[in-house]
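Listed below, chain by chain, are the residues.
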Amino acid sequence: MIIFRQKAAVQRMFFSTIVNMVGSLLFSIVFIVYASKAPDAKLAIATAETILTLPYLLAFLTGHIADRIKNKVKGMLWVRIFQFAAYLVMSCFINVNESWLIFGLVLLIIFSSSFFAQISMSLATILLKRFTTKEDLARVRGFESGVTSTMELVAGPLGAILLAAVHQDFALFTVINAVSYLFSFLILRGVKEDKDVKVNDIPAEKEEKDSLRKVTVNFFHEMKGNFALVNSIPQMKHFILLFILFNLVGSYQNTLASITLIHRSDFFIGNYAFTIGVVQAAFVLGLIVGSIFPMPFLFKMPLEKNFIIEMFVFALVPVSFLWAPSVYFLIAAILLDGYLQGVSGPKLDAFLVHLLPDDKIGGGLGAFMSIVGLGVPAGPAVAGIAAMISDQFAWLAMLLTIMVGFVYTIYLAKNFRSTVV
C-alpha cells in the first residue's frame, strides 16, 4: 500500500487523521438524529446543515492562516487540543433538553470545531506535498481518502446501532468524539518539522511593528493575490461555476434526503437512524472503491468527462424519490455517485496542487474552496425552503438544476482537457 512506502511523518499524519475521525463520524449520524428531535425537525435539519457548511466559505481565510503558520505541525496539534476541550464542554449540556437554546450551543461548538479543522486540513496538505514525491501525491491522497472513507462506511450504521443500544445518550457520543481528538493529538506529536521557523523564534520587535492596520492590509493584499492566482488557470473560471453547482446539488440532496426520510417509512431499513446510516455508508463505500481502485479508463480520462458522468448519476437520486420509490434503487444510485467522486476528487486535488507555488498552496486552494463553497450552505437553505412547499416540489427543482449542470459539463468537455496522468 502506497502509504506504507512513505516517510514516518506521512504515516503519523495519516493515522492521526484516522483516529481523529472515529468519534467525529460516529457523532455525525447521531447529530442528524439529534436535529430530527428538535421542536421543528425540518427547520432544525436545514438550519444545522446550512450553518455547519459555512466553514467552506471561510476556506480563503483558513488557507491564509495555514500559509502564515510557521510551524505547521504545532498548528495541527493546537487544533486537536481545542477540539478535545470543546467537545468535553458540549458533553456537559447536550442532554439537558431539546430546546432551541441547547441546539444553538451545540451548533456553535461544532461550527467552531469545523472551522479549526479546515485550518488543520490546509496544514496537512502543505506538509503532504513536502513529504511526498510528485508522482505519489495523487495516489497518497486517494489512498488516504479511501481509508478515511472506510471509517465513514462503518460509522454510519454502527453509530445508529450504538445510539439505540445506549438509549440515545448523546453525551456519551460527544465524549467519544473528544477522546478521539486526544488520541489523534498524541499520535501527531511524533511528527518532526525541522524546515519551518518556529513561532517562538520570531523576534518580539517584528511582532510589535506589525500593527493591526498593516496585518489587515497585508491579509487582503494576499487574498487578492490568491484569488488572482486561481483565476490565472484557464479552466478555473469554468471549474468554479461547475463546483458551485456540484456543491449546491450535493448539499441540497443530503439535506432533502434527511428531511424526506423522516416520514417515508417505506424507505426504512429498521428505523430512521439506521436508514440514514446505510445511505451514508453507500456513498462512502463508493468513495472507498473509487479512491483506492479507480477504473483505469476513468482515472486517465480528462476531468471534464468525469464531471459529465457524475452529473448524470446525480439525477438518479431524485428519480428514486419521485418515480422509483425503492430504498435499494436509492442506495445503488448513491453508491455509484460516491464511486465517481472517489475517482475524480483526488485527480482534481492533485491537478490544483501542482499548478500552485509551494508557498501559495494553502491560500490558493483556500481561495478556490471559498468560491465554490458558496454552493454548500446554499444547498441546505434552499432545500429547507423548497421542502416547506412539498418534498415532491423540492426533488423536481433539484432534477431541473441537474439538467442545467449536465448541459454545462458537456460544454466544458468540448473546450478543455484537464488531466493528471
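Residues numbered from 1 in each chain as written. Predicted model: local features only at pLDDT ≥ 70, side-chain atom pairs only at ≥ 80, totals over all residues. Heavy atoms only, no water.

In the annotation of an unreviewed UniProt entry, the protein is listed under the name Includes anhydromuropeptide permease AmpG (ProP) and assigned to Fructobacillus fructosus. In its Subcellular location (unreviewed entry) section, the UniProt entry covering the protein states "Cell membrane". (UniProt positions renumbered as here; feature names shortened; annotations may be inferred.)

Enquirer: An account of helix 2 (residues 41-52) is needed here, citing residue identities and associated values.
Expert: The terminal C-alpha atoms of helix 2, which comprises 12 residues, lie 16 Å apart, in line with the 16 Å expected from a rise of 1.5 Å per residue. N-cap assignment for helix 2: the residue whose side-chain oxygen lies 3.4 Å from the backbone N of Lys42 is Asp40. (Helix = DSSP H or I, 4+ residues; strand = E, 2+ residues; numbered from the N terminus. Expected span 1.5 Å × (residues − 1). Polar contact = N/O pair within 3.5 Å; in protein donor to acceptor, adjacent residues only side chain to side chain.)

Enquirer: Give me a nonpolar patch on the surface: which residues, what numbers.
Expert: Together, Leu88, Val175, Val179, Leu182, Phe183 and Leu186 line one region of the surface with nonpolar side chains, adding up to about 440 Å² of accessible area. Here the nonpolar patch gets five residues from one element, more than from any other, and that element is helix 7 (residues 170-188). Within the secondary structure, Leu186 sits in helix 7. The exposure class of Leu186 is partly exposed, given its relative accessible area of 43%. (Patch = residues over 30% accessible without salt bridge, like charges linked within 9 Å, V, L, I, M, F, W, Y side chains within 5 Å. Areas by Shrake-Rupley, 256 points an atom, 1.4 Å probe, with all protein chains shown as cover. Salt bridge = Lys/Arg side-chain N within 4 Å of Asp/Glu carboxyl O. Buried < 20%, exposed > 50% of the residue type's maximum accessible area, 1.4 Å probe, protein only.)

Enquirer: Could you give an account of the packing of aromatic side chains, naming the residues involved and the relevant values?
Expert: Any pair of aromatic rings gets described here by the distance separating the centres and the angle formed by the planes. In the structure shown here, the tally under the stated rule is 15 aromatic pairs. Between Phe31 and Phe103, the aromatic rings sit 6.0 Å apart at their centres with planes inclined by 5°, giving stacked as the arrangement. Of the two residues, Phe31 is situated in helix 1 (residues 8-36) and Phe103 in helix 5 (residues 100-131); the sequence distance between them amounts to 72 residues. A residue is classified by how much of its surface remains accessible, and Phe31, at 8% relative accessible area, is buried. Since its relative accessible area comes to 4%, Phe103 is described here as buried. Relative to Phe116, the ring of Phe115 lies with its centre 5.5 Å away and its plane at 80°, an arrangement referred to as edge-to-face. Taking relative accessible area as the criterion, Phe115 reaches 14% and is therefore assigned buried. Three or more aromatic residues joined by ring pairs form one cluster here, namely Phe31, Tyr34, Trp100, Phe103 and Phe170. The ring of Phe299 is capped by Lys347, whose NZ or CZ atom sits 6.0 Å from the centre of that ring. (Phe/Tyr/Trp six-rings, centres within 6.5 Å; stacked < 30°, edge-to-face > 60°. Lys NZ or Arg CZ within 6 Å of the ring centre and 35° of its normal.)

Enquirer: Give a description of the environment of Ala413 that names residues and reports values.
Expert: Mapped onto the fold, Ala413 is located in helix 18 (residues 391-415). The class of Ala413 is partly exposed, set by a relative accessible area of 22%. Each C-alpha atom of the pair Ala413 and Ile308 lies 7.9 Å from the other, and the pair is 105 residues apart in sequence. Setting aside residues no more than four positions away along its own chain, Ala413 makes contact with Glu304, Lys305 and Ile308. (Contact = heavy atoms within 4.5 Å.)

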